[in-house]
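One-letter residues, chain by chain:
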Amino acid sequence: MNPYVLAILLSSLGIGTTLTFASSHWLLAWMGLEISTLAIIPLVAQQHHPRAVEATTKYFLTQATAAAMILFASTTNAWTTGEWNIQEMSNPTALVLITMALALKIGLAPVHYWLPEVLQGLDLTTGLILSTWQKLAPFALIYQISPMMNPSLVIMLGLASTIIGGWGGLNQTQLRKILAYSSIAHLGWMMIVMQYSPNLAILNLTLYITMTSAAFLTCKNVASTKLSTLTLTWSKTPMMTTMAMMTLLSLGGLPPLTGFMPKWLILQELTKQNLPLTASIMALAALLSLFFYLRMCYAMTLTIAPNTNTNTSTWRQKSSQTTMTLSITTTLALILLPITPAIMALTT
């Protein structure tokens, strides 16, 4: 892609998200979401391949549906209450509609079906943008309307996302689909705590972006998109493979890694709110996700592909990719658990 075109598209992505962040009026927020969607569509379609075209079409249709629902719900609220302010959503029908529209935007279950299919049709860089940056603007709106949302609907969305996100990834062999289901499960954790502690949900989102970025960048660095090709990475880059294994375990939420922190704090918060059954289901659903992360770890570090030389080949070219971002995100994905007290002081 032409660098000038790429620069325009990336800056439009930034402007769209920033516009939604800064807005208190539904029309302005909707406009920001639309700019973001239109900016990423050429990036999704840049590979001239039937899968990319299919992914672009599915992404455009789902995002357009969600945007139309947001516009309809905000107009309904303005019609009945005379108020366009995001934090003045008092019409219950409009609130349910807008919650489902934002759930469709980010890919929460049960409106998640587009996400694995779209991610499968993308290259890893665009997939990274879709899994991280594109979640920010809808989450800013969810954060603002969270005090007014229907608690039963929010808990249903959160539980469904963690269970389906864990279950859906169990039999996958494509890394992008596995990461898509991982994304759905993590979004469920954020959604379920949003009403009780919005700052904790934002902390979870930040750590999710860090860990997912590390996972995507590792896959990009080793040029791997399938579980079977991960078996070749140990003999090529043993150190990075070890770090990738720990990142995946962090995504699964194992102590003493960073990923344990948000799960621990969210379960604690749910217990404080007298929701022990919900907390128990969430903890058990996390085990489903942990299984497919362990499966990836097993493929990367404990198996060697048949007929491959375990020694590093002398003729292998050094990678020309920059690894600074990968190093930073991997480090953050592994070592932040000890500063939990400081983070709790900031979020409460």
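Residues numbered from 1 in each chain as written. Predicted model: local features only at pLDDT ≥ 70, side-chain atom pairs only at ≥ 80, totals over all residues. Heavy atoms only, no water.

**Some details on the overall build of the protein chain**
Now for step 1: Scanning the protein chain for helices and strands turns up 16 helices and zero strands.
Now for step 2: A globule of 348 residues ought to have a C-alpha radius of gyration of about 20 Å, and the protein chain, at 20 Å, matches this closely.
Now for step 3: Dimensions of the protein chain along its principal axes, counting C-alpha atoms only, are 70 × 50 × 35 Å.
Now for step 4: Per-residue burial for the protein chain yields a buried fraction of 54% across its 348 residues. (Helix = DSSP H or I, 4+ residues; strand = E, 2+ residues; numbered from the N terminus. Rg over C-alpha atoms; globule rule 2.2 N^0.38 Å. Buried < 20%, exposed > 50% of the residue type's maximum accessible area, 1.4 Å probe, protein only.)

**Examining the environment of leucine 265**
Now for step 1: Position of leucine 265 among the secondary structure elements: in helix α13 (residues 260–272).
Now for step 2: Separated by 75 residues in sequence, leucine 265 and threonine 340 place their C-alpha atoms 9.2 Å apart.

**Concerning the packing of aromatic side chains**
Now for step 1: Within the structure shown, the criterion is met by three aromatic pairs.
Now for step 2: With a centroid separation of 5.7 Å and an interplanar angle of 15 degrees, the aromatic rings of phenylalanine 260 and tryptophan 264 are classed as stacked. Taken together, the positions of phenylalanine 260 and tryptophan 264, both in helix α13 and four residues apart, correspond to about one turn of that helix.
Now for step 3: Overall, phenylalanine 260 belongs to the partly exposed group, its relative accessible area being 26%. (Phe/Tyr/Trp six-rings, centres within 6.5 Å; stacked < 30°, edge-to-face > 60°.)

**Considering the packing of helix α12 (residues 238–252) against helix α15 (residues 324–335)**
Now for step 1: Running from N to C, α12 and α15 cross one another at 45 degrees; their axes reach a closest spacing of 9 Å. The orientation of α12 with respect to α15, classified from their angle, is oblique. α12 and α15 meet at a crossing whose hand is left-handed. Contacts between α12 and α15 involve Met240, Met243, Met246, Thr247 and Ser250 on the former and, on the latter, Leu326, Thr330, Ala333 and Leu334.
Now for step 2: Taken together, the residues of the contact of α12 with α15 break down into six nonpolar, three polar and no charged. (Axes fitted to C-alpha atoms, helices over the stretch in contact; angles between N-to-C directions. Parallel < 35°, antiparallel > 145°, perpendicular 65-115°, else oblique. Left-handed = near helix turned anticlockwise from the far one by under 90°. Contact = heavy atoms within 4.5 Å. Nonpolar A, V, L, I, M, F, W, Y, C, P; charged D, E, K, R; others polar.)

**Describing the domain arrangement of the protein chain**
Now for step 1: What the domain assignment lists for the protein chain is domain 1 (1–118) and domain 2 (150–307 + 324–347).
Now for step 2: The centre of domain 1, based on its C-alpha atoms, is set 25 Å off from the matching centre of domain 2.
Now for step 3: Opposite the 13 residues of domain 1 that make contact, domain 2 presents 13 residues.
Now for step 4: Summing both sides of the interface, domain 1 and domain 2 together bury roughly 1,200 Å²; the carbon and sulfur share of this comes to 80%.
Now for step 5: Of all residues in domain 1, Leu108, Ala109 and Pro116 give up the largest surface area on contact with domain 2, accounting jointly for 42% of the area buried on that side.
Now for step 6: Connecting domain 1 to domain 2 are one salt bridge. (Domains from an automatic or database assignment. Buried area = accessible area lost by both parts, 1.4 Å probe. Salt bridge = Lys/Arg side-chain N within 4 Å of Asp/Glu carboxyl O.)

**Focus on the side chain of threonine 210**
Now for step 1: As for its position among the elements, threonine 210 is in helix α10 (residues 198–221).
Now for step 2: At a separation of 2.9 Å, a polar atom in the side chain of threonine 210 contacts the main-chain carbonyl oxygen of threonine 206.
Now for step 3: Residues within four places of threonine 210 in sequence aside, it is in contact with Thr329, Leu332 and Ala333. (Polar contact = N/O pair within 3.5 Å; in protein donor to acceptor, adjacent residues only side chain to side chain.)

**Side note on the environment of alanine 279**
Now for step 1: Relative to the helices and strands, alanine 279 resides in helix α14 (residues 276–302).
Now for step 2: Given a relative accessible area of 8%, alanine 279 falls into the buried group.
Now for step 3: Counting along the chain gives 47 residues from alanine 279 to leucine 326, while the straight-line C-alpha distance between them is 33 Å.

**Side note on the pattern of salt bridges**
Pairing is possible between side chains of opposite charge, provided their charged atoms come close.
Now for step 1: Taken as a whole, this structure holds four salt bridges when the rule is applied.
Now for step 2: Residues participating in the shared-partner salt-bridge network are Arg51, Glu54, Lys58, Glu117 and Lys177.

**Description of α13**
Now for step 1: Compared with an ideal rise of 1.5 Å per residue, which puts 13 residues at 18 Å, α13 spans 18 Å between its outermost C-alpha atoms and is within 8% of the ideal.
Now for step 2: Among all positions in α13, only Met261, Pro262, Lys263, Leu265, Ile266, Glu269 and Leu270 are buried.
Now for step 3: A positive backbone phi angle near 60 degrees is found at asparagine 274, which sits one or two residues after α13. (Expected span 1.5 Å × (residues − 1).)

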